[in-house]
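Residue-level structure breakdown
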Amino acid sequence: ERKVEKIETILICFGGSDLGNLTKKVLEIVLPFDEIKRIIIITGMNYNYCDSLDGYIQNNSRISHYHDIDEIQMLTLLQKTDLAIVPASTIMLEALSAKSIVVAGYYADNQKKACHAAVEKELVFGIDDFVHFNEDVFKKVLDKVKQKIKNNSMVYANYNTSKLKAIFKSLK
């Protein structure tokens, strides 16, 4: 059983292309939080902002950027993460299967149902639309996560396959 004592390592991943460059937006929001000691960024094969992102993060030892990795490396990184910030897509399911603490939102209409279902089943901490994600929203969700850790009632402790199956059924 995996147990997270505090949130020090955060993973940010928006899948294969991230056309709106939400990766950088979320990074800019998370970066000022000094309690976050390590930030793992994963970008996919079709991510078009690598040069810009790498320029932004150069010389920052807190940030590691992985690009176009395989599923074994993805799982390994998820298992080293205290908190994953991801959209309600297949990456959310990967993070849940790795028993990560997940903060999920959406940026596309086809992700809304999955996001709301995962929040309703208490599998993830929901932030709704990433368009409205900002430092205040992150601070609030981080405080909720910390409270759950303090109360020993983490969301991933509620993880079970029946809840995950219920999400899939709700998407029909």
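As a starting point, this report considers the structure included with it. (Residues numbered from 1 in each chain as written. Predicted model: local features only at pLDDT ≥ 70, side-chain atom pairs only at ≥ 80, totals over all residues. Heavy atoms only, no water.)

1. A word on the pairing of strand 6 (residues 125-129)
What counts is decided by this rule: A pair of strands is labelled paired if DSSP reports no fewer than 2 bridges between them. The helix count covers DSSP runs of H or I at least four residues long, the strand count covers runs of E at least two residues long, and both are numbered beginning at the N terminus. Seen with its strands pointing away from the viewer, a crossover is right-handed when the path leading from the first strand over the helix to the second is clockwise.
Bridge count for strand 5 (residues 101-106) against strand 6 is four bridges, and the pairing is parallel. Bridged to tyrosine 106 within strand 6 is aspartate 129. Since strand 5 and strand 6 lie parallel, the crossover through helix 5 (residues 109-120) that links them has a hand, and here it is right-handed.

2. Overview of the sheet that holds strand 6
Each strand in a sheet pairs with another by means of backbone hydrogen bonds, the pair being arranged parallel or else antiparallel. Rules: Every angle, taken between N-to-C directions, lies between 0 and 180 degrees, and every axis is a line fitted to C-alpha atoms, over only the stretch in contact when it is a helix. Contacts: residue pairs with any heavy atoms within 4.5 Å of one another.
The strand order across the open sheet formed by six strands is 3-2-1-4-5-6, and the pairing between neighbours is parallel. Of all the strands in the sheet, the pair left with one neighbour each is strand 3 (63-67) and strand 6. Adjacent strand axes in the sheet meet at a mean angle of 15° when their direction is disregarded. In the packing of helix 4 (residues 90-97) onto the sheet, contacts are made with strand 1 (9-13), strand 4 (83-87) and strand 5, and the angle to strand 4 comes to roughly 155°. Helix 5 rests against strand 4, strand 5 and strand 6 of the sheet, and its axis sits at about 145° to strand 5.

3. Remarks on helix 2 (residues 50-57)
Applicable threshold: The rule is simple: take the accessible area with a 1.4 Å probe, protein chains only, and divide by the maximum for that residue type; under 20% is buried, over 50% is exposed, in between is partly exposed. Starting at the helix axis, one direction is taken to each C-beta atom, and the arc is that of these directions.
Those residues of helix 2 that fall on the buried side of the exposure criterion are Cys50, Leu53 and Ile57. Buried residues along helix 2 cover an arc of 70° about the axis, so they all sit on one side. Buried-residue contacts for helix 2 involve helix 1 (22-30), strand 2 (38-43) and strand 3. Asparagine 59 occupies a position one or two residues after helix 2 and carries a positive phi of about 70°.

Purely geometric stuff here, so don't read any function into it on its own.
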